[in-house]
Amino acid sequence: MDDLTLEELKFLRELTRTVDDLLEESLKHRENLEKTFERVFPPLMHFLGARGVCVTTLDEELVSTTFSHGEFDGVFPGTLLTGNRWGVRRLESGHTFVAQQLDVVGVPVGSMGVLYEGDRVADAARLARSLETVAEELDTVLASIQTAAEKHQLLVTINTYLANRVFEVGMDGAVRALCEKVKLPGFLLLYRDAVESGALHYRMYKYGQLEFASNGRRFQTLDDAIRSYGSNLVTPNDKHLGQVLGERKAVETVLISGVGESHTLGKIMVWSGGEGFSAYTVDLLRLLASTLSQRLIDYNRERIHLSQFFSSGAIDELLKDPNYERRYLSPRAEEVGILFADINGFTRICEQVLERPERIGKFVDDWSSEAVRILHRHGGVFDKMVGDCVIGLFGPPFFKDAASARAVNAIKAAVEIQAFTRDTMSAHPEISRLSEVLKVPGLGVAIGVNLAVSFCGLFGPNRNYTSFSTGMNQTARLQSLGSFRETLVMKEAWEAAQAAKDAALAKLSVGDLDETPVKNVAQPLRYYRLSGA
């Protein structure tokens, strides 16, 4: 290379300052790549005394694009930059074209060329140095644009995956997409259960592939840590997770429920195996964490809505199907087990024992919460609560079992609700004066059980899961016939349950078939009274 003269050195310094000022002005106005080159190219051509300037690089959409200004004698400038022919060459037109690759730390980000009038090959070294000076200013700008565009594209991809109605499938896709961009030997998502207080779930990946999951192949060390530390593992500044996994070079990101809220949704932990992470990787993890936080909020909102009716196991199964609402929750006519359970003498209890509204509310909450858990344990769905009456359905949402099994499960739930009310709730602190004031041996509940065709599904503006049928009305009337600690079972339900030959039901004794006319029901109700329930 020829030695630089003082004149050329001044020229190159002025060239650097000119290009730098133009790029800084463009950055200040937050211009896109096209506007940036529209600002830079005309003054640059004038400064260089060139016929044309061109750059081929990836635009903001990561599409290879050629930007140019000036005259290229009808030749597309991009073709002059193809073939990696860097340096100075004379074209067939007689003009001189100078080209150079643009790169940052050896990573190509594009190519640049300048077209000069006439034969300038003899001045090749000086022309090459001028282009190299301009290229050094452009390299970093183009690299930052491409990096930002890559991040944006990755974020779009991650959002697309996480939009999957099946959260786990979307999460797996998002982590794979991330690992295609950066090397992640280990990735762990640990998150709270929105329904079961204190419960945690996890998905652990190795180089983007799922390795362990709380609902699949389990990781014993992490299971032990969850039992030992519980939800503390996902709180900010808690170090137990890193200690458990034994990873020194790790990055933790806490997923929060929103700006200004302290509730943590979960935590991401990523480990490198020793070499640490680049700023680019850490930035991508923050982008993922932000998107994932919103997805978890939506996922939790969905689970909480479904938890009004279904058990956690049923919710898990529903959410495995992206079309679960249409497939399982759309209104349909099916034969279902029906249970109505109402506390005996509740009005008197409220007026003479509980007295204050807050005590009444606390008492009903305690009783109904356990009654609903009993429904769920026996495969039931919580329909609604009317006053102090809990209503359960057996069969929904999957209707996999036979009608006889639905009747059996309804009766078993009735037996357990009777036992819980008699043995546990009678000892409730608020009921301590019940026997003295009302002259009854503790708390009682009247239950009606039926098996009938009902129209079940999501109804109304709040999308509540409920059921409509004459069978529901009959069960309500049947329950109202029950006296203290009585379980009444409609003839159809009892006979269907008997056909199932369930051992637990054999321990129960049943009275004679009874028949009672009720208001606004065409046929008398025919039912059995269960003993030992």
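Turning next to the sheet that holds strand 8 (residues 209-213). Ordered by their spatial adjacency, five strands build an open sheet running 8-7-6-10-9, and the pairing between neighbours is antiparallel. A strand with exactly one partner marks an edge of an open sheet, and here the two such strands are strand 8 and strand 9 (250-256). Averaged over all pairs of adjacent strands, the angle between strand axes in this sheet comes to 20 degrees, irrespective of strand direction. Sheet analysis places strand 7 (residues 200-206) next to strand 8, joined by four bridges and oriented antiparallel. Counterpart to Met204 in the pairing with strand 8 is Phe212. Set on the sheet, helix 6 (residues 220-229) makes contact with strand 6 (186-192) and strand 7; between it and strand 7 the angle comes to about 155 degrees.

Here we come to the environment of Ser26. Locating Ser26 in the fold gives a position in helix 1 (residues 6-28). A C-alpha to C-alpha distance of 8.5 Å links Ser26 and Val40, two positions 14 residues apart in sequence. In this structure Ser26 touches Glu31, Thr36 and Arg39, once residues within four positions along its chain are discounted. Of the polar contacts made by the side chain of Ser26, one reaches the side chain of Glu31; its length is 2.8 Å.

Turning next to the packing of aromatic side chains. One pass over the structure, following the stated rule, counts 14 aromatic pairs. The lysine or arginine in question, Arg126, covers the ring of Phe11, its NZ or CZ lying 4.9 Å from the ring centre. Stacked on the ring of Phe398, the Lys or Arg Lys400 has its end atom at 5.1 Å from the ring centre.

Within the structure shown, the criterion is met by 34 salt bridges. Salt-bridge contacts for Arg39 lead to Glu31; the nearest nitrogen and oxygen are separated by 2.7 Å. Classification of Arg39 by relative accessible area gives partly exposed; the value is 25%. One salt bridge in this structure joins Arg51 and Asp73, with 2.6 Å as the shortest N-O distance. Of this pair, Arg51 sits in the loop between helix 2 (33-48) and strand 1 (52-58) while Asp73 sits in the loop between strand 2 (64-70) and helix 3 (77-80), and the two are 22 residues apart along the sequence. Classification of Asp73 as partly exposed rests on a relative accessible area of 41%. Put simply, Glu370, Arg373, Arg377 and Glu416 are held in one network by salt bridges that share partners.

Rules behind the numbers
- Residues numbered from 1 in each chain as written.
- Predicted model: local features only at pLDDT ≥ 70, side-chain atom pairs only at ≥ 80, totals over all residues.
- Heavy atoms only, no water.
- Pairing = 2+ DSSP bridges.
- Helix = DSSP H or I, 4+ residues; strand = E, 2+ residues; numbered from the N terminus.
- Axes fitted to C-alpha atoms, helices over the stretch in contact; angles between N-to-C directions.
- Contact = heavy atoms within 4.5 Å.
- Polar contact = N/O pair within 3.5 Å; in protein donor to acceptor, adjacent residues only side chain to side chain.
- Phe/Tyr/Trp six-rings, centres within 6.5 Å; stacked < 30°, edge-to-face > 60°.
- Lys NZ or Arg CZ within 6 Å of the ring centre and 35° of its normal.
- Salt bridge = Lys/Arg side-chain N within 4 Å of Asp/Glu carboxyl O.
- Buried < 20%, exposed > 50% of the residue type's maximum accessible area, 1.4 Å probe, protein only.

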